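# Residue-level structural notes
Here's the letter readout for the chains.
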Amino acid sequence: MADDSEWMKLPIDQKCEHKLWKARLHGYEEALKLFQRIDDEKSPEWSKYLGFIKKFVTDSNAVAQLKGLEAVLAYVENAHVAGRTTGEVVSGVVCKVFNQPKARAKELGLEICMMYIEIEKAEAVQEELLKGLDNKNPKIIVMCIETIRKALSEFGSKIVTLKPVVKVLPKLFESREKAVRDEAKLLAVEMYRWIRDALRPPLQNINSVQFKELEEEWVKLPPSAPKQTRFLRSQQDLKTKFEQAASSDGVDGDEDEEAPPEVDAYELLEAVEILSKLPKDFYEKIESKKWQERKEALEALEILVKNPKIESGDFGDVVRTLKKVIGKDTNVMLVAVAAKCVVGLATGLRKKFGTYACLVVPTILEKFKEKKPNVVQALQEAIDAVFLTTTLQNISEDVLAVMDNKNPSIKQQSSLFLSRSFRHCTPSTLPKSLLKPFCAALLKQINDSAPEVRDAAFEALGTALKVVGEKAVNPFLADVDKLKLDRIKECAEKIELAGGKKVAGGAEKKDVKSATKTAPVAEAPPAKPAAPQKKAPVAKAGGPPKKGKVAGGAGAKGKKAAVETKDVVETELSDEVCEEKASAVLPSSCMQLLDSGNWKERLASMEEFQKAVEQMEKSEMPCQALVRMLAKKPGWKETNFQVMQMKLHIVGLIAVKGNFSKTSALVVLECLVDKIGDVKCGIKSKEALTAIGEACSLPWTAEHVVSMAFAQKNPKNQAETLNWLANAMKEFGFSGINVKAFINNVKTALGATNPAVRTSAIALLGVMFLYMGAPLRMFFEDEKPALLTQIDAEFEKMQGQTPPAPFRGSIKKEGQDENEEAEEPDDEGGNDVMDLLPRSDIGEKITSDMVSKMSDKNWKIRKEGLDEVAAVINEAKFIQPNIGELPIALKARLGDSNKILLQQTLTILQQIATAMGPNIKQHVKNLGIPIITVLGDSKSNVRAAALTTLNAWVEQTGMKEWLEGEDLSEELKKENPFLRQEVLGWLAEKLPTLRTVPPDLMLCVPNLYSCLEDRNGDVRKKAQEALPTFMMHLGYEKMFKATNKLKTASKDQVVSLLEKARTNMPAKPAAPVKAADSKPAGGVKSAPASAKPQPPPAYDESEVSVPDSKQDPKKAKSAGAAAKGKGVIGKKAPIKSNAKEEEDKSGPIFTHVPNGKEQRIKDEKGLKVLKWNFTTPRDEYIEQLKTQMSSCSAKWLQDELFHLDFQHHIKALTAMIEHLEDEKDATINCLDLVLKWFTLRFFDTNTSVLMKALEYLKMLFTMLSRENYHLNEYEASSFIPYLVLKVGESKDVVRKDVRALLNMMCKVYPASKVFTFLMDGTKSKNSKQRAECLEELGCLIESYGMNVCQPTAAKALKEIAVHIGDRDNSVRNAALNTVVVVYNVCGDQVFKLIGNLSEKEMSMLEERIKRSAKKPAAAPVKQVEEKPQRSQGGHPNASLMRRPPLDEVPSKLNQSRSQNAHPEQSFPSIPREFQLDLDIIENDHTRVSEMPDLVQHKLDELLEPVLIPEPKIRAVSPHFDDMHNSIASTINFVVSQVASGDINTSIQALAQIDEVLRQEDKAEAMSGHIDQFLIATFMQLRLIYSTHMADERLDKDDIVRLYSCIIGNMISLFQMELLAREASMGVLKDLMHGLITLMLDSRVEDLEDGQQLIRSVNLLVVRVLEKSDQTNILSALLVLLQDSLLASASSPKFSELVMKCLWRMVRLLPESVNNINLDRILLDIHNFMKIFPKDKLKQLKSDIPLRTLKTLLHTLCRLTGPKILDHMTMIENKNESELETHLRRVVKHSLDQTSSKSDRETEKGANGMDELAAKSKVSDILAEIFKKIGSKENTKEGLTELYEYKQKYSDADIDPFLKNTSQFFQSYVERGLRMIELEREGKGRVQSSSSGISPQSADTFVPSSTITAPTIPTNGEEVKPAVYLERLKILRQRHGLENNSKQHDERPPLTSLLSKPSAPTVASSTDMLHSKLSQLKESREHYHQELESNQSHMQSSMGTTSSVTNLDDLKKRLERIKSNRK
């Protein structure tokens, strides 16, 4: 029971992991209750179980496992993080649950899988289940199949992907286990329910008996479609819909249900690669003269293409071969076989065959001349199969080309093909632009003499009628007589469309009559969303020319459509009928006086006529009769202008008010043209023409008017006609204008002799240019240069102008009836203009000779071919799509190795794009995609040319064709960095301009994700730029879902980038101008206003109001009038909805929620919500803020605040500004949320929003200050850090506002805390931010005094002073200004606070202080108020008295610098605080009187504790117990405190860890945290070394205590081998670096317990070497040695100690070699030898590294033998490795040597470097040394080595080496050796200095307890007086005080006098020298004498005087100073 009582006390999560099964069982039960009890799915409690939830499932105890499964089910159902566990849990279920005997366990396992699917993890579950099918245990296989079956049954085939299941199904049927086969059968039946016959092909190869059984089962299944019964979490709305459908018993409910998607069997099949399987002699045989051989080749191909799914490849050659057989083979039997091969290829490749469609279609159509039925049938099947792989648009040109063929069979089969093709079309895929030419061609054929041609044409027209509806086809059948029209309709009734699709208008099941009535009604609903389309096109042309006739009047009802159609084709009436009809509606007097001889009577008659017309109803007006009456004698030859004007006015009136047909128009047009040039009647004539244009469409009217005008010879009429047309185009728009019809007339006008005609023609061309652009000029290139200049001038005038918005014609009149056509202008608009250009067919000019030239081996001939092609295209200017075999030839040249030809090919393709225009679409797949491939070229100029060509193509085709299919994704899949970055850059540019994209864009997403992780940085950058543009079309959800297929590591990275992209996602472009509803509702009069550009902020009102504006067309006028009254033009939103919107916004925007803020603070502290801390705002932060704001802000405001469009943010800010004063309390209540929202805006790039936000914030903080409100920590930490970010904004105006805000911030938040945030801001990478933060810090110190500095003034100033050396000029200036401000506040004390600066930086500061010329003021008032006690005990003006006169500043600076530098020679061991001042103080009694108090005062001030705690932006919450309730998180927290800057905090943390480490039972809790702990430890060591040791105000006892804690902890840790082995290589390397640096720190020796500390470190190093993982520590030491040898700043002592550690490791090798990963060690040695080859190692000053490496390798070889050569697996290029050569040599040598010699060598190596040196051959060493002396660079180093060598080997003879040298060289060597000897003797007598101040002198101490080598004096270990003596001599020499030549000869080498050759020491020596130079300038001679006199005193006294005595002496001297003062 004792055991029970123990585990019963444990928390739930620990029970669940307990080793006792009872404890686990109890834990699972409690966990189950807990999981059911937690309401919040985002509770942090869930995350605790993430790591071990799998163990619940895989529990070894069956009873506990059962309960664990129940708990897991509850967890998955309720936890939001459950999705992360899918893979591991389902894997556990499959392996450990499905094989259980208990049915309940299996049931729970299955339910867990189902629940994972429900929470959107279907793919992961399915993946694990499919893996389970490969398990050897049949029970598991059976359960996996059953789970898949149940998932499919409940969730349906949309959720459960069937393709992978279909793959494994045949294998399951082959299983030996009956249970598996039976379950597979059930699965197959279930799959058949969902995908029906698509399942048959994949199962064709299973056992026939099994297949028969399956078929029997399939027959029994109900025919009705299955329904989804269980739904994903995201499908709850669908679930509700299904439930409602189920509850309603009516039939309607069933009809609305979504049918399951039809699964294509093709998608379930595996693609087969057939190209490689083609017979090798296929192409030879197919060209054979024997038809049998050709047949064999075709039959072989036919067998291959019977595969239902073929893998894509380059089938160009195969298709060309088949084309040749079909077109030219004389054996018709082979033609049929070739056609079958085409069918197979098209069926197997599907859309991928589309590239080759244009090759074969013309040939097949031409071959229809063949009479044999079997051949015709094969050709029909072939062309039908090809059609399904492409679009009708792509092959339309080819089909239309053969429609005029003389052969009736070809015409018949072409029509029948069109009929069959139309059946597969929909109204959207058969637009009017395509239907128009087809209808025209078919209408010719219905009059053909051959009956079969007529029948086929009728059938095709009938099919088109059925597909798109009568309304779309009727305009093209206007001239067809009734009999033929009835025949077409009859054919339409008989047609059955493919797949039983619904036809336009739902007319499928009704007779034609009802169809006519219902079609428009049926089409009305889809039209509603298209409401914005009503605005007329501006830059693009509109719909077909006859659109206006169909929709006769505004708001015309559908039922009138048929009537209007008849009016359009009004028959011509006889004069008698006209007179009769006119008499019925006109007064009799009017009729009688029409032809009166008296003009006045005729005028009176016209007036009556006009009144009658004005009063007539539209339906009653006989338009043709009335206009014919007007033509009654004298008719249009009326001589009286008044009567004529009335007649023309009446014509216009009739056209406007009646159903005016083209027949009526033709009666009057000629007269109107005749009168258009008349001075008096011209205006009326133009008005009448305009009215007719509105009634009959401008294109038709213009065509007739222009032709009539130019049929006359009156230049006035011609000029005015052109003027009218130019004006009409502006009013009607360019929609449907048939330029071809009057372009010749315009050319005639340009050539007219009358200048007025020419001027009018040019003006008309200018208007046309607005719509057509540059292509228009092509028509007139042949004109005379003078005329062309005038045309160009007119075009230049129009350049950049936008055409005015049209307000007449179909735009005004069609109203609701045009909605269904709204989409069409997009299709036609851009194309219409291009279609007007006359195009020539160059197909015949592209000869086979030209093509063969282009593929020649000789590049010159290829160039000839390309030149010829370019010439043909240039000559043609505009070409038809038929360009023969040119695409294939050009495609081959895009891969040309000759880059010049490649670029020429690109230029030709660019020309083709311009010449062919939009028709180039059909070549995108076969020519366009290869252009993209060229973007991967390595030459930048080629890529640039390819991109230009690509853009030229896209300009003509649009992006749709490029994004369809897999081609683009295939290109992105290629791992070519150039290709990827160019394509992604191109997509990033193009995608934002598109409103919609094909769904195939999704195929590019996986490749986009791989680009995000590409090795190439540019590719990654481009991919990140493209990411938001993909997301704007595909949506975040889809793209996030696509990440599920990525690896976990990749997914995390990609998801974070997606989150970032989500915030930068561009908005989709607004609908084109035509969609924005520019037509004023008020009618024609307000038209000019609509032409003006509307102000941009349209926001969403237009979108919201669009559906409403369509509700009731009758209200349009009144609504428009109201809108006009308000001054709002062009909006049709009903007034009511606007009023309601205003009403909603009238209430308060913020609501006061009691204790709302307090609760939010509590939630954040308790980690219930995310802490507001991020580098860029992720989606979860935005959602969290949105949720929090929902309770305290108005709904409409929240919508605006979180809208994606920045305009809405501006609206929200405007409202917040308006409500600020009225809602102070509510604003303050939710201030934290408001400030958080503003932090999000700081990450936006929109300046307008940012400026508005800053404006609000200034008002807000002003209000807060006025209300005496103070920000709390929670509000400040979530806002100020992000405000500080914006202080680095590039725009001055923003920075100015942010600085103003920071100043205001100090009124509502303590300045000292703002200071901390600004200090963090100075660490930014943004130089502007650093500079501004530093300036702001200066302002704070100036305003609030030094108390504002946090954590202490010294620390803050040191950090500020660092920036004086910044590389950015503005940052340097800001830092200097801030230090100057501090100087003005506290005087010279600033020099102590800022620490050591380089000479350059100090001089800059000195100069800046001089220039500032500002006397330091007394402490600011604020400071005095905050700290009144500071002034006690001193003079009231103490701060003024501290400051010296300005002219004394330089000397003070020098003095301060001297204090901070190394000590003087005369007092080497005295602390620097007293070093330079004492003599001056003792001798100068006048100044001494004030000093002691000031010093005392300053010390008190510095040591005064700062009470304000140090705030951190991202600090860990202090609520330790609340936050860290688990062991791991507790350890994490304590470890993080180890690296604290506060010594006490760090000691406390170390004490806690030490307590854990000392108890063996608890120590294992540290497992997994070792690296973390060691990192924190060496970070603390670095902090002590660099900061604490240099800080004189810190108690050294505290530092010793901290060192002791660290070392004690580490020794405890490294006593436990298990924990010690967890330390990784990188961490061990840093740790050893820290420990060795500590051992070499001379300052530590000066500490009271310094020696003991060093001994402890030695002991610790031994422990680390012995107990760590031997591979890791050996690797770490090798890398550390490598770094120390590379680093110029590294001390030789450091490298030496690292090598000694390596010697120690070598000794341990015999015991540890079996545990070492030799592969890794050899890799590290290999890397070392790569950086330091043998030659380079020999060049080092010491040969110890080389010997160390050799010894290590020799030892490894001795211990492992030749096997060591097998351990080089990790080295990539072994052969290139110097290591392998060396090892082979050593192995070979070791075979001949005894092991004892090797051992002896190892031991010798380990004992020290003296013995190693003795082993070398004397001659080699000396030769090397003399070589160095002889070289200019290394001469001094060589002399030093020679001196040391002579010291070690006194009997060595160097005469042989000197004998052959010159006398000068010999004397130079002797002199050098003598100087070194003198120096070394001086060193021996002088005691070493240990001031403990400079880290650069840290390398003087060599510990001896661990490493036994003797400490011999080596070159330059310490800085001695000789250095200064030598330098003084140099100075004297420069100033002429010494004999130059003598000094030159006797001076010892400078390098030998320097303390060390390493960079840091040189720097420190330089600093010391500079500190002396400033004094030398004052009195050089005096200083020299003093130095000489002190030298002997120093040498005699330094050896005996200890540092303690010196300190006592200083104290005595201080006492003397004090007594003098008294």
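What counts, and where the lines are drawn
Residues numbered from 1 in each chain as written. Predicted model: local features only at pLDDT ≥ 70, side-chain atom pairs only at ≥ 80, totals over all residues. Heavy atoms only, no water. Helix = DSSP H or I, 4+ residues; strand = E, 2+ residues; numbered from the N terminus. Buried < 20%, exposed > 50% of the residue type's maximum accessible area, 1.4 Å probe, protein only. Contact = heavy atoms within 4.5 Å. Areas by Shrake-Rupley, 256 points an atom, 1.4 Å probe, with all protein chains shown as cover. Axes fitted to C-alpha atoms, helices over the stretch in contact; angles between N-to-C directions. Parallel < 35°, antiparallel > 145°, perpendicular 65-115°, else oblique. Left-handed = near helix turned anticlockwise from the far one by under 90°. Polar contact = N/O pair within 3.5 Å; in protein donor to acceptor, adjacent residues only side chain to side chain. Phe/Tyr/Trp six-rings, centres within 6.5 Å; stacked < 30°, edge-to-face > 60°. Salt bridge = Lys/Arg side-chain N within 4 Å of Asp/Glu carboxyl O. Disulfide = S-S within 2.5 Å.

## Some points on the overall build of the chain
A count of helical and extended segments in the chain gives 112 helices and 0 strands. The 2022 residues of the chain split such that 51% are buried. Sequence-distant contacts, at least 24 apart, represent 75% of the contacts inside the chain between residues at least 6 apart. For the chain, the accessible surface area stands at approximately 95200 Å², while carbon and sulfur atoms represent 52% of it.

## Structural notes on helix α35 (residues 623-630)
Counting buried positions along α35 yields 8 of 8 residues, so the element is predominantly enclosed. Turning to α35, its buried residues number three or more, namely Cys-623, Gln-624, Ala-625, Leu-626, Val-627, Arg-628, Met-629 and Leu-630. Looking at the buried side of α35, the elements it contacts are α32 (575-585), α33 (588-593), α34 (599-615), α36 (641-657) and α37 (662-675).

## Notes on the environment of Leu-1753
On the secondary structure map, Leu-1753 appears in helix α99 (residues 1744-1760). A relative accessible area of 1% places Leu-1753 in the buried class.

## Points about the environment of Met-1251
Here Met-1251 shows up in helix α69 (residues 1247-1266). Here the alpha-carbon distance between Met-1251 and Ile-1210, two residues 41 residues apart in the chain, equals 9.7 Å. Ignoring anything within four residues of it in the chain, the contact list for Met-1251 reads Val-1293, Val-1294 and Asp-1297.

## A look at the side chain of His-1726
Along the chain, His-1726 turns up in helix α97 (residues 1718-1731). Judged by relative accessible area, which is 10%, His-1726 ranks as buried. Ignoring any residue separated from it by four or fewer positions in sequence, one finds His-1726 in contact with Ile-1771, Ser-1777 and Leu-1779.

## Some words on the packing of helix α48 (residues 886-893) against helix α50 (residues 924-934)
As a packed pair, α48 and α50 sit with axes 10 Å apart at the nearest point and diverge in direction by 15°. The pairing of α48 with α50 is recorded here as roughly parallel in orientation. Judged by the sense of rotation from one axis to the other, the crossing of α48 with α50 is left-handed. Of the residues in α50, those in contact with Pro-887, Leu-890 and Lys-891 of α48 are Asn-926, Leu-927 and Pro-930.

## Focus: the environment of Thr-1262
Within the element layout of this structure, Thr-1262 appears in helix α69. The spatial distance from the C-alpha of Thr-1262 to the C-alpha of Leu-1301 is 9.4 Å, given a sequence separation of 39 residues. Polar contacts involving the side chain of Thr-1262 include one to the main-chain carbonyl oxygen of Lys-1258, which spans 2.6 Å.

## Focus: the packing of aromatic side chains
Tallied over the full model, the rule gives 29 aromatic pairs. With a centroid separation of 5.5 Å and an interplanar angle of 75°, the aromatic rings of Trp-46 and Tyr-75 are classed as edge-to-face. Placement of Trp-46 in helix α4 (residues 44-48) and of Tyr-75 in helix α6 (residues 62-78) is noted, with a sequence separation of 29 residues between them. A relative accessible area of 0% means that Trp-46 is categorised as buried.

## What to know about the pattern of salt bridges
Applying the stated criterion to the full structure yields 81 salt bridges. Among the salt bridges present, the one from Lys-171 reaches Asp-134, with a minimum N-O distance of 3.4 Å. Of this pair, Lys-171 sits in helix α11 (residues 163-173) while Asp-134 sits in the loop between α9 (122-132) and α10 (138-155), and the two are 37 residues apart along the sequence. Look at Lys-171 and you get exposed, because its relative accessible area is 54%. The partner of Arg-1178 in a salt bridge is Glu-1180, with the nearest N and O atoms 2.9 Å apart. On the basis of relative accessibility, which here comes to 31%, the residue Arg-1178 falls in the partly exposed class. Overlapping salt bridges, with partners in common, bring together Glu-111, Glu-118, Lys-150, Glu-154, Arg-230 and Arg-233 in one network.

## Here's the deal with the state of the cysteines
Under the criterion given, the structure shown has 0 disulfides. Here Cys-113 is not cross-linked by a disulfide; its sulfur's nearest cysteine counterpart is in Cys-144, at 7.9 Å. Classification of Cys-144 by relative accessible area gives buried; the value is 0%.

## What to know about the side chain of His-1363
Relative to the helices and strands, His-1363 is located in the loop between α75 (1353-1362) and α76 (1369-1386). Residue classification places His-1363 among the buried residues on the basis of a relative accessible area of 11%. Every residue in contact with His-1363, bar those within four places of it in the chain, is listed here: Thr-1322, Arg-1330, Leu-1334, Val-1371, Arg-1372 and Ala-1375.

## Quick notes on unusual backbone geometry
If a residue is not glycine, its phi is most likely negative; likewise, a peptide bond is most likely trans. In this model, Gln-1350 is joined to Pro-1351 through a cis peptide bond whose omega is -5°. On the secondary structure map, Pro-1351 appears in the loop between α74 (1327-1344) and α75. Although it is not a glycine, Asn-1268 adopts a positive phi angle of roughly 55°. Inspection of the secondary structure assignment puts Asn-1268 in the loop between α69 and α70 (1273-1277). A residue is classified by how much of its surface remains accessible, and Asn-1268, at 61% relative accessible area, is exposed.

Honestly, it's all geometry; don't read function into it.
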